[in-house]
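Residues per chain are reported as follows:
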Amino acid sequence: MASNFSGIGFGDGDRAPYASFPERSRGRLLKETESPTRTPFQRDRDRIIHSTAFRRLKHKTQVFFAHDQDHFRTRLTHTIEVAQIARSLSRALRLDDDLAEAIALVHDFGHTPFGHTGEDMLDSLMADYGGFEHNAQSLRIVTQLERRYAEFDGLNLTWETLEGLVKHNGPLLATVGESEAKRAVPASIINYSEIHDLELANHASLEAQVAAVADDIAYNTHDLDDGLRSGLLTLDMLKQVPLAGEALYEVDQIYPSLDDERRVHEMSRRVMTKMVEDVIVSTLRSLGDLAPESVQDIHGAGRTMVAFSPSMAEQEKALKSFLFINLYRHDSVLELRERAECVVRDLFQRFIISPEEMSGAWSAQAAQLEEPEQARLVADYLAGMTDSFALKEHRRLFDHTPDLG
C-alpha cells in the first residue's frame, strides 16, 4: 500500500527519478498515522537508533573482542561508519540518504556476540532447526523481537527499509531466466514475505545497494586500521597490497617524516576515498547505460547498479584476501575464535537442556514450546547477547570460562 505521507516541506527536492521517494513508500505492514515533521524513512531511522538492538551493538565484536582495547571497532562503531559512507554515496547519487542511512544502521542487528565466530557456531548448532543467518535474524528483531510499542511487536518499519535489510546483498530467489536457484532462503524471511511481499527475486533499491557497498568499504578500511593497531599487521606488509600500498607510498612521498600513527590514518583515509569515488563514477556510468526512470526500473534491472569498477573490484578483492590470510586467519585470532565458539556452544546446549536458566520471560516462554520452536527461542536469546553478557552467563553456569582478554 502506498504511503499517504504529506509532511511539511518534504518534496522531491534534488532526488533522481530512480531514487526511493518517501511520499511514494509502499507503507508499513500495520498502517500508522504519518508524522507531520518526519518522512517515513526518517521515522524508520529514528526507531532503529532508539531500539534496544542498536544499543547492544556497542558491546558486540567486529574483529577484535571489544574489551581487548578501547580503540578497536565494535559492531556499533562499524555500523556508524557504514551509515556515514552510505549517506555520502547517496547524496552524490541523488538518492534518499535517510533510507540509505536507516538500512545501514539496521544491517547488523542480527549479529551474535563474538562476531562471525558466534554466527558460524550458532548456525552449526541450529542445523537441525533451520540454521542461523544474521540477515534473517535482523528481520526477526525488527518484525518480532523488539517489544517497545503498544500496538505491535517489532519496529513496524516501511517496506523499503525491510526490503533493503533483507536484499541489500542482492536477490534471494532465482529470477526469470536464471539457470541456478539462489541459496536456501531462511524460513523467517520466506514467512514474513508471504504476508508482506518483499519481492525476493528482484534487486533492492539503490539506497540498499549503497548500504551494501558502504559496508564493504567500511570494514575493509577499518579492519586494516585495527589490524595495524593490534600489531598483527605492519606497514611493511602493505607493499604487497596494491590499493593500500599505493596509498601508503603517496603518503610517504608527501610527508616523508610522518610518524607511523599518522601514516596509518592518512593511508586509510586515502584508501576509503579512492573506493568511494570509484563507486560514484562506476555507478553513474551504469545508470547512464540503463537510463532508469523510476525505482521500479532498478528493481527489475537484473543486475547490481551500485558497484566498484572492474579495476577497483580487483584491488578490493586483493585487499580482502590479504586481510583474510594475515588478519582473520592469524593464529592469535583463531585461538580466541575457538574459545568464543566454546562459550556459545556451552550456553546453547545448557539452555536447550535447561531453558529455565534463561532470564525472565524467555524461560517462561520456552516452557510452552515444542523442541524446534524452543531451539529458535534459544537462538534468539543467544544472538541478542553482547560479548560481556555471554561471558557473564557462562561464568554463572560453568566452573571454567575461556579467557577472551
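For the structure itself, look to the data block above.
These lines cover the structure that appears in this document, whether it is placed above or below. (Residues numbered from 1 in each chain as written. Predicted model: local features only at pLDDT ≥ 70, side-chain atom pairs only at ≥ 80, totals over all residues. Heavy atoms only, no water.)

## Here we look at the environment of Arg15
- By the element assignment, Arg15 lies in the segment before helix H1 (40–49).
- With a relative accessible area of 18%, Arg15 lands in the buried category.
- For the pair Arg15 and Gly115, spaced 100 residues apart in sequence, the C-alpha to C-alpha distance is 36 Å.
- Looking at Arg15, its side chain comes within polar contact range of the side chain of Glu23, at 3.5 Å. (Helix = DSSP H or I, 4+ residues; strand = E, 2+ residues; numbered from the N terminus. Buried < 20%, exposed > 50% of the residue type's maximum accessible area, 1.4 Å probe, protein only. Polar contact = N/O pair within 3.5 Å; in protein donor to acceptor, adjacent residues only side chain to side chain.)

## Observations regarding helix H8 (residues 187–195)
- The set of residues buried in H8 consists of Ser188, Ile189, Tyr192 and Ser193. An end-on view of H8 places all buried positions within 125 degrees of arc, on one side of the element. Of the exposed residues in H8, the ones pointing more than 90 degrees away from its buried face are Glu194 and Ile195.
- For H8, the elements touching its buried residues are helix H6 (134–145) and helix H7 (159–167). (Arc of directions from axis to C-beta. Contact = heavy atoms within 4.5 Å.)

## With respect to the packing of helix H3 (residues 75–93) against helix H4 (residues 97–106)
- Taken N-terminus to C-terminus, the directions of H3 and H4 make an angle of 155 degrees; their axes are 8 Å apart at the nearest point. Classed by the angle they form, the pair H3 and H4 counts as roughly antiparallel. In the crossing of H3 with H4, the sense of the turn from one axis to the other is right-handed. On H4, the residues that touch Thr79, Val82, Ala83, Ala86, Arg87, Ser90 and Arg91 of H3 are Asp97, Asp98, Ala100, Glu101, Ala104 and Leu105.
- When grouped by side-chain class, the residues that make up the contact of H3 with H4 number 6 nonpolar, 2 polar and 5 charged. (Axes fitted to C-alpha atoms, helices over the stretch in contact; angles between N-to-C directions. Parallel < 35°, antiparallel > 145°, perpendicular 65-115°, else oblique. Left-handed = near helix turned anticlockwise from the far one by under 90°. Nonpolar A, V, L, I, M, F, W, Y, C, P; charged D, E, K, R; others polar.)

## Description of the nonpolar core
- In terms of nonpolar packing, the biggest core is built from 79 residues, with Leu89, Phe109, Val142, Leu224 and Met267 touching the most fellow members.
- Ranked by residue count, the leading element in this core is helix H9 (residues 206–230), at 10 residues.
- Formed by 27 residues, the second largest nonpolar core is a distinct cluster that contains Met126, Phe132, Met358 and Ala375. (Core = buried A, V, L, I, M, F, W, Y, C linked by side-chain atoms within 4.5 Å.)

## Some points on the pattern of salt bridges
- The final tally for this structure, using the stated rule, is 37 salt bridges.
- For Arg263, the salt bridge identified is with Asp260, shortest N-O distance 2.8 Å. With Arg263 and Asp260 both in helix H11 (residues 260–290) and 3 residues apart, this pair spans about one turn of that helix.
- For Arg263, a relative accessible area of 18% gives the class buried.
- Residues Arg270 and Glu266 are paired through a salt bridge, measuring 2.5 Å at the closest nitrogen-oxygen approach. Here Arg270 pairs with Glu266, and both are found in helix H11, just 4 residues apart, close to one helical turn.
- Through salt bridges that share partners, Arg38, Arg45, Asp46, Arg87, Arg91, Asp97, Asp98 and Glu101 make up one connected network. (Salt bridge = Lys/Arg side-chain N within 4 Å of Asp/Glu carboxyl O.)

## Focus: the packing of aromatic side chains
- What the rule picks out here adds up to 3 aromatic pairs.
- Note on Tyr149 and Phe152: the rings are 5.0 Å apart at their centroids and 25 degrees apart in plane angle, and the pair reads as stacked.
- Ring geometry for Phe351 and Tyr381: centres 5.3 Å apart, planes at 75 degrees, overall edge-to-face. With a gap of 30 residues between them, Phe351 in helix H14 (residues 331–353) and Tyr381 in helix H16 (residues 371–383) connect regions that are remote in the sequence.
- For Phe351, a relative accessible area of 0% translates into the label buried. (Phe/Tyr/Trp six-rings, centres within 6.5 Å; stacked < 30°, edge-to-face > 60°.)

## Observations regarding the side chain of Arg45
- Its place among the elements puts Arg45 in helix H1.
- With a relative accessible area of 16%, Arg45 lands in the buried category.
- Polar contacts involving the side chain of Arg45 include one to the side chain of Asp46, which spans 3.0 Å.
- With residues up to four places along the chain from it excluded, the contact list for Arg45 reads Arg87, Asp98, Glu101, Ala102 and Leu105.

Fair warning: the whole summary comes from geometry, so function is off the table for now.
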